[in-house]
Each structure stands twice: as C-alpha cells, then as structure tokens.
Amino acid sequence: REPTPAPTPTPSRTSTMNSLKPSEAKEDLPEVEVREEDQMLINEFGRLNSRLHELQADSAALKEKIEHLDDATTELMMGGDSVRLKLGDAFIDCSEDYATEFCEKRQERLQAQMDAITAEETTILERQKALKKALYGRFGAAINLEE
C-alpha cells in the first residue's frame, strides 16, 4: 500500500472590503487601503456610469424618432391635400399643413429633450473625469474605471 502524498497548500484568496488588491499580473503594486470616502467616490462613479448608459440609450431612441418625423415631414411635402395622422392607435383625417406643423412641433420637443440629454451627458463625463483623476491618483493601476 502506497502512502498518499500530503496535499499541497493552495494560496488562499481572501477579499476584504477594506483593501484593494491588484490582480496577480500586477503583483509589484502595493495593497492600498480603501477608505470610506474612497468607496463613496467609487460608488458615485458607478452610478454615473449607469446613468450615462441610460442616457445614451435614450439618446439613440430619440434620434430614431426625430429621423422618422423628418422622413414623415418630407413625405408630407410630396403628398396630397388630405392626409391621415396617426395618434396612438387612431387615425385622424387632417390637412397636409396641419400634419406638417404637428410633425415639426413634435420634432422641436424631441430635439429639446435631446439637448437636455446631451447637456446631462456632458456634466456626467466631466464629473467622471474628475473622479478618475482622484481615484487613479490614489490607487493607480490597482483600480479599473474603464468600461
């Protein structure tokens, strides 16, 4: 009967909420203590990143709606005198001028929403830039704040 070899101990990987340890590929980096205020900044960055993705999705949807309204306005200019305007599930008979005016006003409202989204995106990106500067300054390569 052969003796069984003793199991080799494996390095344990303990994770604590109070320290940020770089990946094994970056072993030469020191372990940095994560303070409460650091964690708050990291959480803020994450919330801003989530909001930015929501805004980008909203922006894409608004762009598509604006393009459809622009196409509808172009079609109305080439159309006849009477058109049917779809509002919700119903169609309403109206003049070409009324339908064109309706589409243009709707485009203006959507463009105003688009401008507000763009302004908020700019604000978020500026704040994220400041957070990146602070967090990379404290943690260096031990933290990843990219997509």
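Criteria and thresholds
Residues numbered from 1 in each chain as written. Predicted model: local features only at pLDDT ≥ 70, side-chain atom pairs only at ≥ 80, totals over all residues. Heavy atoms only, no water. Helix = DSSP H or I, 4+ residues; strand = E, 2+ residues; numbered from the N terminus. Contact = heavy atoms within 4.5 Å. Areas by Shrake-Rupley, 256 points an atom, 1.4 Å probe, with all protein chains shown as cover. Buried < 20%, exposed > 50% of the residue type's maximum accessible area, 1.4 Å probe, protein only. Pairing = 2+ DSSP bridges. Expected span 1.5 Å × (residues − 1). Salt bridge = Lys/Arg side-chain N within 4 Å of Asp/Glu carboxyl O. Axes fitted to C-alpha atoms, helices over the stretch in contact; angles between N-to-C directions. Parallel < 35°, antiparallel > 145°, perpendicular 65-115°, else oblique. Left-handed = near helix turned anticlockwise from the far one by under 90°. pLDDT = per-residue confidence, 0-100.

1. Here we look at the overall build of the protein chain
For the protein chain, the helix and strand inventory stands at 2 helices and 4 strands. Listing each helix as α and each strand as β along the protein chain from the N terminus yields β-β-α-β-β-α. Expressed as a percentage of contacts within the protein chain between residues at least 6 apart in sequence, the contacts between residues at least 24 apart total 61%. Just so you have it, the protein chain exposes about 11,200 Å², and 52% of that area is on carbon and sulfur atoms.

2. A word on the environment of Lys-105
With respect to the element layout, Lys-105 can be found in helix H2 (residues 96-139). Exposure remark for Lys-105: the relative accessible area of 44% places this residue in the partly exposed category. Lys-105 sits 36 residues away from Leu-69 along the chain, and the two C-alpha atoms are 9.9 Å apart.

3. Some remarks on the pairing of strand E4 (residues 90-95)
Consecutive side chains along a regular strand alternate between the two faces of the sheet. Here strand E3 (residues 82-87) pairs with E4 via 6 bridges, running antiparallel. Of the residues in E4, the one forming a bridge with Ser-82 is Ser-95. Once E3 ends, the chain turns through 2 residues before running back antiparallel as E4, passing Gly-88 with a positive phi of about 70°.

4. Brief notes about helix H1 (residues 36-78)
Under the 1.5 Å per step criterion, the end-to-end length of H1 is 63 Å for 43 residues, consistent within 8% with the ideal 63 Å. All buried positions along H1 are accounted for by Asp-38, Phe-45, Leu-48, Asn-49, Leu-52, Leu-55, Ser-59, Leu-62, Ile-66, Leu-69, Thr-73 and Leu-76. Taken together, the buried residues of H1 touch strand E2 (32-33), E3 and H2.

5. Focus: the pattern of salt bridges
The tally for this structure, following the rule as stated, stands at 9 salt bridges. Here Arg-84 and Asp-93 are joined by a salt bridge, their closest N and O atoms 3.5 Å apart. Assigned by exposure class, Arg-84 and Asp-93 land together as exposed. Close ionic contact of Glu-101 with Lys-105 constitutes a salt bridge, the shortest N to O distance being 3.0 Å. Here Glu-101 pairs with Lys-105, and both are found in helix H2, just 4 residues apart, close to one helical turn. Through salt bridges with shared partners, a single network forms among Arg-35, Glu-37, Asp-38 and Arg-138.

6. So, H2
An α-helical turn contains 3.6 residues, so any two residues separated by three or four positions project in the same direction. In a regular helix each residue adds 1.5 Å, so 44 residues correspond to 64 Å; H2 covers 62 Å between its end C-alpha atoms and thus fits that length. Gly-140 occupies a position one or two residues after H2 and carries a positive phi of about 60°.

7. With respect to the packing of H1 against H2
Relative orientation of the contacting elements H1 and H2 amounts to 160°, with a least axis distance of 8 Å. Classed by the angle they form, the pair H1 and H2 counts as roughly antiparallel. Relative to H2, the crossing made by H1 is left-handed.

8. Focus: the confidence of the model for the protein chain
Low-confidence regions, as indicated by low pLDDT, have predicted coordinates that should not be scrutinised in detail. Across the protein chain, the average pLDDT comes to 83, with 78% of residues at 70 or higher. Taking the mean pLDDT of every element in the protein chain, the minimum, 54, falls on strand E1 (residues 19-20) and the maximum, 95, on H2. Counting interchain partners and residues more than four positions distant, the pLDDT-below-50 stretch residues 6-17 has 2 contacts.

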